[in-house]
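Fold and geometry: a report
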Amino acid sequence: MEHPENDTQYAGLTVNSGVEQPPIVNPYLAKRPRRKPLPPASELVEGILKGDVTSLSRAVTLVESLAPEHYALAQEVIEKCLPYSGNSRRIGITGVPGAGKSTSIDVFGLHVLKKGGKLAVLAIDPSSERTKGSILGDKTRMEKLSVHPNAFIRPSPSAGSLGGVARKTRETIVLCEAAGYNDIFVETVGVGQSETAVHSMVDFFLLIQIAGAGDELQGIKRGIMEMADGIVINKADGENVGAAQLAQAQFRSALHLFPPTASGWAPEVLTYSGYYEIGIAEVWDMIDRYFEYVIRTGYFEAKRKEQARWWMYETIDEQLRKNFYDNEVVCKILTRCENDVLANRRSSFAAAAEVLDYYFGEK
């Protein structure tokens, strides 16, 4: 390309050559080390039983993987860890978005670790329905706990599973217990269907509420209060103390409307402030009393057995769905039947009957 600036009439003016543009592809890309192959199950289990965080993290990643080649290895790891599990206190924590769950877990966790032992936090992060991605940013809300040497925080994507509950959370609990974590927190994505699944995998279910955010008794309609073993009202500090105490009285009155719990435990309602760390010891004293009560009455062991049975059937349901939708012929028939339904050529019931008749006839 000619540059008019180089014409003789512009004597004394010189044009330097341009700067060479860097390559579009990173030249160091090929030099990056390849990811190490997965170790055998025995090696992973050995590391987990020693409390090695790297082995535990790799095993959890393996369990969460959707790759078919990882499934058998993950199940082998779980089976070998199973005899070393069941020795922790599993605590589910839920509440509406903005109730301060992550901040509360940070201070609750530090309070627990002061007594010794190890703590695992399984934070279930909601996945986008459009992109299926998750931010996985709960660690940023747990500043002190995330750097504690005896704490293990694992955010997991809900990945579209039932009610937003991470599909492999229960298996992850088994791995954490085998690694020596004697307290396990399971944080849910918020009030919704996920609470039913989380309630079926924990020993104590804690509901976090806030005052001044509308009608405090709306929780009655959702059925979430029926599952709660304890209700705590966060942000009871400053000018909000009065509102928190009023909400506490309302929730206590509301609990009288429900039938007795299966355990015989009467859920308590307490106030606290996670940000200012006020009332944390009282909340944890309530949880300690609960465990003393259910262990003494035998409900603790009975509930664990019921949970194991529930998850067996839940796994059967999950595998049946996966087998159905992974069938190539079924997928083709589904596409054709869906087009017929959308075009009003067939009813939804007749189309569903055709797909199911093929599937069960094939079996």
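Residues numbered from 1 in each chain as written. Predicted model: local features only at pLDDT ≥ 70, side-chain atom pairs only at ≥ 80, totals over all residues. Heavy atoms only, no water.

1. Topic: the side chain of D106
Heads up, the rule is: A helix here means a DSSP run of H or I that spans at least four residues, while a strand means a run of E at least two residues long, and both kinds are numbered starting from the N terminus. Here the term buried applies to any residue with accessible area under 20% of the maximum for its type, exposed to any over 50%, and partly exposed to those in between, with areas from a 1.4 Å probe on protein chains only. Only four residue types enter the charge count: Lys and Arg as positive, Asp and Glu as negative, with His and the chain ends excluded. Any Lys or Arg side-chain nitrogen found within 4 Å of a carboxyl oxygen on Asp or Glu counts as a salt bridge.
With respect to the helices, strands and loops of the structure, D106 is situated in helix 4 (residues 101-113). As a buried residue without a salt bridge, D106 has its nearest oppositely charged side chain in K144, at a separation of 5.9 Å.

2. Re the nonpolar core
Heads up, the rule is: Here, nonpolar core means buried Ala, Val, Leu, Ile, Met, Phe, Trp, Tyr and Cys residues that are tied together by side-chain atoms lying within 4.5 Å of each other. Whether two residues are in contact is decided by their heavy atoms: any pair within 4.5 Å suffices.
Counting 48 residues, the largest nonpolar core has I48, L56, V77, C81, L175, C176 and M225 as the members making the most contacts within it. Not counting the four nearest positions on each side in its chain, I48 is found in contact with S55, L56, A59, V77, C81, L175, A178 and A179. Of all hydrophobic cores here, the second largest spans 33 residues; its members include L110, W265, V283 and V294.

3. Regarding the packing of helix 2 (residues 53-64) against helix 5 (residues 169-178)
The criterion, for reference: Note on definitions: angles span 0 to 180 degrees between N-to-C directions of axes, and those axes are lines fitted to C-alpha atoms, for helices only across the stretch in contact. By definition in this entry, angles of less than 35 degrees are roughly parallel, angles greater than 145 are roughly antiparallel, angles of 65 to 115 are roughly perpendicular, and the rest are oblique. In this scheme the handedness of a crossing depends on how the near helix is turned from the far one: anticlockwise by less than a right angle means left-handed, clockwise means right-handed. Classes in brief: Ala, Val, Leu, Ile, Met, Phe, Trp, Tyr, Cys and Pro nonpolar; Asp, Glu, Lys and Arg charged; the others, Gly included, polar.
In the contact formed by helix 2 and helix 5, the axes pass within 10 Å of each other and the chain directions differ by 160°. Relative to helix 5, the element helix 2 lies roughly antiparallel. Once helix 2 is placed against helix 5, the crossing between them reads as right-handed. Contact residues: helix 2 offers L56, A59, V60 and V63, while helix 5 offers E171, T172, L175 and C176. Taken together, the residues that form the contact of helix 2 with helix 5 break down as six nonpolar, one polar and one charged.

4. Here we look at the environment of T196
Following the sequence through the fold, T196 ends up in helix 6 (residues 194-199). C-alpha of T196 to C-alpha of I224: the two residues are 28 residues apart in sequence and 8.6 Å apart in space.

5. Looking at unusual backbone geometry
Despite not being glycine, E277 has its phi angle at roughly 55°, a positive value. Position of E277 among the secondary structure elements: in the loop between strand 7 (268-271) and helix 10 (280-297). Among the residues examined, E277 registers a relative accessible area of 44% and is labelled partly exposed. Positioned with a positive phi, N344 is a non-glycine residue whose angle comes to about 60°. By the secondary structure assignment, N344 is in the loop between helix 12 (328-342) and helix 13 (348-362). Residue N344 is classed as exposed on the basis of its relative accessible area of 71%.

6. Description of the environment of Q250
Its place among the elements puts Q250 in helix 9 (residues 241-255). Residues Q250 and V269, spaced 19 residues apart in sequence, show a C-alpha to C-alpha distance of 9.7 Å.

7. Things to note about helix 4
What counts is decided by this rule: Between the first and last residue of a helix there are one fewer steps than residues, each counted as 1.5 Å, and that sum is the expected span.
Compared with the 18 Å implied by 1.5 Å per residue over 13 residues, the 18 Å span of helix 4 between its first and last C-alpha is a close match. Within helix 4, twelve of the 13 residues are buried, which leaves it mostly tucked inside the rest of the structure. Of all the residues in helix 4, the buried ones are K101, S102, S104, I105, D106, V107, F108, G109, L110, H111, V112 and L113.

8. Brief notes about the packing of aromatic side chains
Formally: Pairing of aromatic rings covers Phe, Tyr and Trp, the last through its six-membered ring, and needs centres within 6.5 Å; plane angles under 30 degrees mean stacked, over 60 mean edge-to-face, and all others mean tilted.
One pass over the full model with this rule turns up 14 aromatic pairs. Here the aromatic rings of F108 and Y272 are separated by 5.5 Å at their centres, their planes lie at 35°, and the arrangement is tilted. Of the two residues, F108 is situated in helix 4 and Y272 in the loop between strand 7 and helix 10; the sequence distance between them amounts to 164 residues. Side by side, F108 and Y272 carry an identical accessibility label, which is buried. Judged by centre distance (5.5 Å) and plane angle (70°), the rings of Y359 and F360 are edge-to-face.

9. Some points on the pattern of salt bridges
According to the stated counting rule, one finds 15 salt bridges in the structure shown. With a closest N to O distance of 3.2 Å, D288 and K115 form a salt bridge. With D288 in helix 10 and K115 in the loop between helix 4 and strand 2 (119-125), this residue pair connects regions lying 173 residues apart in the sequence. Of the residues examined, K115 reaches a relative accessible area of 53% and is grouped as exposed. Note that E277 is salt-bridged to K144, the shortest N-O span being 3.3 Å. Here E277 is found in the loop between strand 7 and helix 10, whereas its partner K144 is found in the loop between strand 2 and strand 3 (151-157), with 133 residues between them in sequence. Residue class for K144 comes out partly exposed when judged on its relative accessible area of 47%.

10. Comments concerning the confidence of the model for the protein
Counted only if it meets this: Scored from 0 to 100, pLDDT reflects the predictor's confidence in each residue.
Confidence along the protein averages 84 in pLDDT terms, with 81% of residues attaining 70 or more. Helix 10 holds the highest mean pLDDT among the elements of the protein, 96, whereas helix 7 (residues 219-222) holds the lowest, 50. Confidence drops under pLDDT 50 across residues 128-136; counting only partners more than four residues distant or on other chains, this segment forms 13 contacts.

11. Considering the environment of C81
With respect to the secondary-structure elements, C81 resides in helix 3 (residues 68-81). When the C-alpha positions of C81 and V174 are compared, they lie 6.9 Å apart, and in sequence the two are 93 residues distant. If we ignore the near neighbours within four places in the chain, the residues touching C81 are V45, I48, V174, L175 and A178.

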